[in-house]
Amino acid sequence: MPGNAMLEQAVQNLTQQIKFDALLGGAGIRNADGTVAIQHILINYKIDDGFVEDYPSVAQSDVVGQRFAADPHIIQTVSVSDYRMLSGGTKGSVSGSRAGNVIADYLEKYKISHLMLAGLESSFGLAWMTFYRKDGNRAFDARDAECARYTVPDILYKWQQSTKAQGSIKRASGLLPLTTREMQIAMMNVNGMSSRAIADELNLSPHHIRSVIKHIRSRLGVVGHKMTQADLANF
């Protein structure tokens, strides 16, 4: 894929700033329901092929992936023990206490103890890099997270621009994408919920919800009819 040479050089540069044993980079798009569809593996640095092949079978249990879908700009640093602790509780964004152990077992199968995920969402779509460490005593720290916060989105956005210029990816829309919250409100509205009902569900004011819906309709170019699933799909 065009732009990969740039990414490979960027990863080599990252090894001088962040210590890691392996790295996996990907890109995708946001579906109309807010979930993320992986389209490309951008870079595979010392990752076992089986790790990539096995992921779809555990993806629904991955709280880190779910949090990335909710807010792609947050830097996440997680250990296998964090996933084990998740299994000890009954609450969280992954339903069921088994979920944490599913991911912990998956990571341990490939001798991974810690990971750090950084990414972005732009008008070109989503892109991310996940860094991995095998040593259980070498967690990613605040310095690593700060470095990733400023370097990784810059690298990924340059890749997006480069590949778009070469026709390898298609901008999803000439408009800026909806935020996760806007997409949530849009879906609730499309499914027949009133502004007041949405406000009650999200603990927000009806006035704020009406303002957001008006903004969404303007962004999607919806004029003269009720917003529908087709409007979101076209976007």
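This write-up is about the structure you can find in this document.

Conventions adopted
- Residues numbered from 1 in each chain as written.
- Predicted model: local features only at pLDDT ≥ 70, side-chain atom pairs only at ≥ 80, totals over all residues.
- Heavy atoms only, no water.
- Helix = DSSP H or I, 4+ residues; strand = E, 2+ residues; numbered from the N terminus.
- Contact = heavy atoms within 4.5 Å.
- Polar contact = N/O pair within 3.5 Å; in protein donor to acceptor, adjacent residues only side chain to side chain.
- Salt bridge = Lys/Arg side-chain N within 4 Å of Asp/Glu carboxyl O.
- Buried < 20%, exposed > 50% of the residue type's maximum accessible area, 1.4 Å probe, protein only.
- Phe/Tyr/Trp six-rings, centres within 6.5 Å; stacked < 30°, edge-to-face > 60°.

## Digging into the side chain of His-114
Okay, step 1: Here His-114 shows up in strand β4 (residues 114–122).
Okay, step 2: When near neighbours in sequence (up to four residues on either side) are disregarded, His-114 contacts Val-78, Ser-79, Phe-131, Tyr-132, Arg-133, Asp-135, Gly-136, Asn-137, Arg-138, Ala-139 and Phe-140.

## Focus on the environment of Lys-226
Okay, step 1: Turning to its location among the elements, Lys-226 is positioned in the loop between α9 (206–220) and α10 (229–234).
Okay, step 2: Spatially, the C-alpha atoms of Lys-226 and Asn-189 are 9.2 Å apart, while their sequence positions differ by 37 residues.
Okay, step 3: Discounting chain neighbours no more than four positions away, the residues touching Lys-226 are Asn-189, Val-190, Gly-192, Arg-217 and Asp-231.
Okay, step 4: Separated by 3.2 Å, the side chain of Lys-226 and the backbone oxygen of Asn-189 make a polar contact.

## Concerning the pattern of salt bridges
Okay, step 1: Within this structure, the stated rule accounts for six salt bridges.
Okay, step 2: By sharing partners, the salt bridges in this structure join Arg-84, Asp-105 and Glu-108 into a single network.

## Details of helix α7 (residues 180–190)
Okay, step 1: With eight of eleven residues buried, α7 is to be regarded as a mostly interior element.
Okay, step 2: Restricting attention to buried positions, one finds in α7 the residues Glu-182, Met-183, Ile-185, Ala-186, Met-187, Met-188, Asn-189 and Val-190.
Okay, step 3: Among the residues trailing α7, Gly-192 stands out with phi positive, at a value near 100 degrees.

## Quick notes on the environment of Thr-180
Okay, step 1: Take Thr-180: it is sitting in helix α7.
Okay, step 2: Using a relative accessible area of 29% as the deciding quantity, one classes Thr-180 as partly exposed.
Okay, step 3: C-alpha of Thr-180 to C-alpha of Thr-35: the two residues are 145 residues apart in sequence and 9.5 Å apart in space.
Okay, step 4: Ignoring anything within four residues of it in the chain, the contact list for Thr-180 reads Arg-30, Ala-69 and Ala-70.

## A word on the packing of aromatic side chains
Okay, step 1: Across all of its chains, the model carries nine aromatic pairs by this definition.
Okay, step 2: Consider the rings of Phe-51 and Tyr-132, whose centres lie 5.3 Å apart with planes at 80 degrees: the pair is edge-to-face. Of the two residues, Phe-51 sits in helix α2 (residues 49–58) while Tyr-132 sits in strand β5 (residues 125–133), which places them 81 residues apart along the sequence.
Okay, step 3: Between Phe-68 and Trp-128, the aromatic rings sit 5.4 Å apart at their centres with planes inclined by 65 degrees, giving edge-to-face as the arrangement. A residue pair is termed long-range when its members are at least 10 positions apart, and Phe-68 in helix α3 (residues 63–70) and Trp-128 in strand β5 qualify at 60 residues.

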